[in-house]
Amino acid sequence: MDQQVRPSTIDGADRNARPNSAVRFTGVSRHFGDVRAVDAVDLDIEEGEFFAMLGPSGSGKTTCLRLIAGFERPTAGEVEIFGHPVEDLPPYRRAVNTVFQDYALFPHMNVLDNVAYSLMVQGVDKTKRHHEAEKALELVRLPDFGARRPGALSGGQRQRVALARALVGKPKVLLLDEPLGALDLKLREEMQEELISLQRQLGLTFVFVTHDQGEAMSMADRIAVFNEGRIVQVGAPEAVYRRPATPFVAGFVGSSNVLPPNIVQNLIGKHAWASLRPEAIRFVDQDGRPAEVLSVNFLGDKLRIALKLGQQRVTATQPSSGPTPTVGQTVYIGWDNDDLHLMDAAP
Ligand code: ATP
């Protein structure tokens, strides 16, 4: 690694500071033996954005978060926070804090002392640190819970305490590692809304790790899609959904019909991979392409219909309020040209 002396404070003025970039990775790798957990990643997270790291298990998201937090050091490359290289900064000197999936609360301490813990370690006196902890508990809408032990809280309340504890030190970047993973669906949706409004209210940069594409799309300003230690695509949720860069992204972010080059060649005369979202397929009159109905599943508001288009199996969705095709029937389908999105071959 580059060992030259660098400015080691995030507070001091630095002519090279790039104020709009909260976190920057330049060629960052973190290898564990043969495992390339993070592999040559370039990344820019803007100040004040809600940024999601999305990818399957083992794709390197948590390792990236730990590199920002300072719990890991890069094998190669450079991490900057607000324009300053942080190689020499230990976690507690970085303007970031982390909310862990398991919350990591101290069971023997009450909620107020849990939230005030980092201030205690910094030597802040008891009156002041309890005052700050009470303010943080108000932010997460748990103002009267300070005297309770974590064991006497629900999962959702523990999650809020963990959030308050991470916010009490006034970080500029909040790192959230699958923070809603342990909550049931309804609570999860409530907390998603609360996290978004908290982030807007505080104007902080949030870096949110999840393997749930719906969660990433509904919460984030931008999403980085990870696969095998690399970032395959970065963009706004709608852009990533509508214009996936590769077959991997098309299949991972929402469901899609990923069509191989030989099929696309037959359809439009171009030899390339393509993505066709199920909802883009329309049932039309006989001017469309004939397809055989293989199966029909009722999903409540919509129907999922598997079709055989030539030799290719494709899935379409239709509102369940419309007619229901029958298995074995020949139907005619079409789509807008723009909806057949061509992609790079790389995964
Ligand atoms: P998950 O969603 O399951 O948490 P992830 O995308 O966050 O996965 P990482 O936890 O970053 O993935 O792990 C990436 C790869 O690096 C995995 O193959 C993992 O086993 C490996 N890895 C992570 N930390 C270590 C370590 N300390 N020692 C060895 N291998 C590690």
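I will try to describe carefully the structure that is included in this document. Model, not experiment: these values are computed from the prediction.

Concerning the site of the ligand
Now for step 1: Surrounding the ligand, one finds Phe-32, Val-35, Ala-37, Pro-56, Ser-57, Gly-58, Ser-59, Gly-60, Lys-61, Thr-62 and Thr-63.
Now for step 2: Measuring from an oxygen atom of the ligand, one finds a side-chain N or O atom of Ser-57 at 2.6 Å.
Now for step 3: Separating an oxygen atom of the ligand from a backbone N or O atom of Gly-58 is a distance of 2.7 Å.
Now for step 4: Coverage of the ligand by the protein chains reaches 59% of its 640 Å² of free accessible surface.
Now for step 5: Elements represented by at least two residues in the shell around the ligand include exactly β2 (35-46) and α1 (61-69).
Now for step 6: The dominant element in the shell around the ligand, judged by the number of residues it contributes, is α1, at 3 residues.
Now for step 7: Among the residues forming the shell around the ligand, the class breakdown is 4 nonpolar, 6 polar and 1 charged.

Regarding unusual backbone geometry
Now for step 1: Within the chain, Arg-141 stands out as a residue other than glycine whose phi angle is a positive 60 degrees.
Now for step 2: Mapped onto the secondary structure, Arg-141 falls in the loop between α3 (126-139) and α4 (155-167).
Now for step 3: Residues other than glycine seldom take positive phi values, yet Lys-170 does so here, at roughly 50 degrees.
Now for step 4: Residue position: Lys-170 is located in the loop between α4 and β7 (173-177).
Now for step 5: Assessed through its relative accessible area of 58%, Lys-170 is described here as exposed.

Some details on the packing of α4 against helix α5 (residues 185-202)
Now for step 1: At a minimum axis distance of 11 Å, the contact between α4 and α5 shows a crossing angle of 20 degrees. Our classification of the angle between α4 and α5 gives roughly parallel. When the axes of α4 and α5 are compared, the crossing they make is right-handed. Touching Gly-156, Gln-159, Arg-160, Leu-163 and Leu-167 of α4 are Leu-187, Met-191, Glu-194, Leu-195, Leu-198 and Leu-202, all from α5.
Now for step 2: Looking at side-chain class alone, the contact of α4 with α5 contains 7 nonpolar, 2 polar and 2 charged residues.

So, how was this worked out
Residues numbered from 1 in each chain as written. Predicted model: local features only at pLDDT ≥ 70, side-chain atom pairs only at ≥ 80, totals over all residues. Heavy atoms only, no water. Near = heavy atom within 4 Å. Polar contact = N/O pair within 3.5 Å; in protein donor to acceptor, adjacent residues only side chain to side chain. Areas by Shrake-Rupley, 256 points an atom, 1.4 Å probe, with all protein chains shown as cover. Helix = DSSP H or I, 4+ residues; strand = E, 2+ residues; numbered from the N terminus. Nonpolar A, V, L, I, M, F, W, Y, C, P; charged D, E, K, R; others polar. Buried < 20%, exposed > 50% of the residue type's maximum accessible area, 1.4 Å probe, protein only. Axes fitted to C-alpha atoms, helices over the stretch in contact; angles between N-to-C directions. Parallel < 35°, antiparallel > 145°, perpendicular 65-115°, else oblique. Left-handed = near helix turned anticlockwise from the far one by under 90°. Contact = heavy atoms within 4.5 Å.

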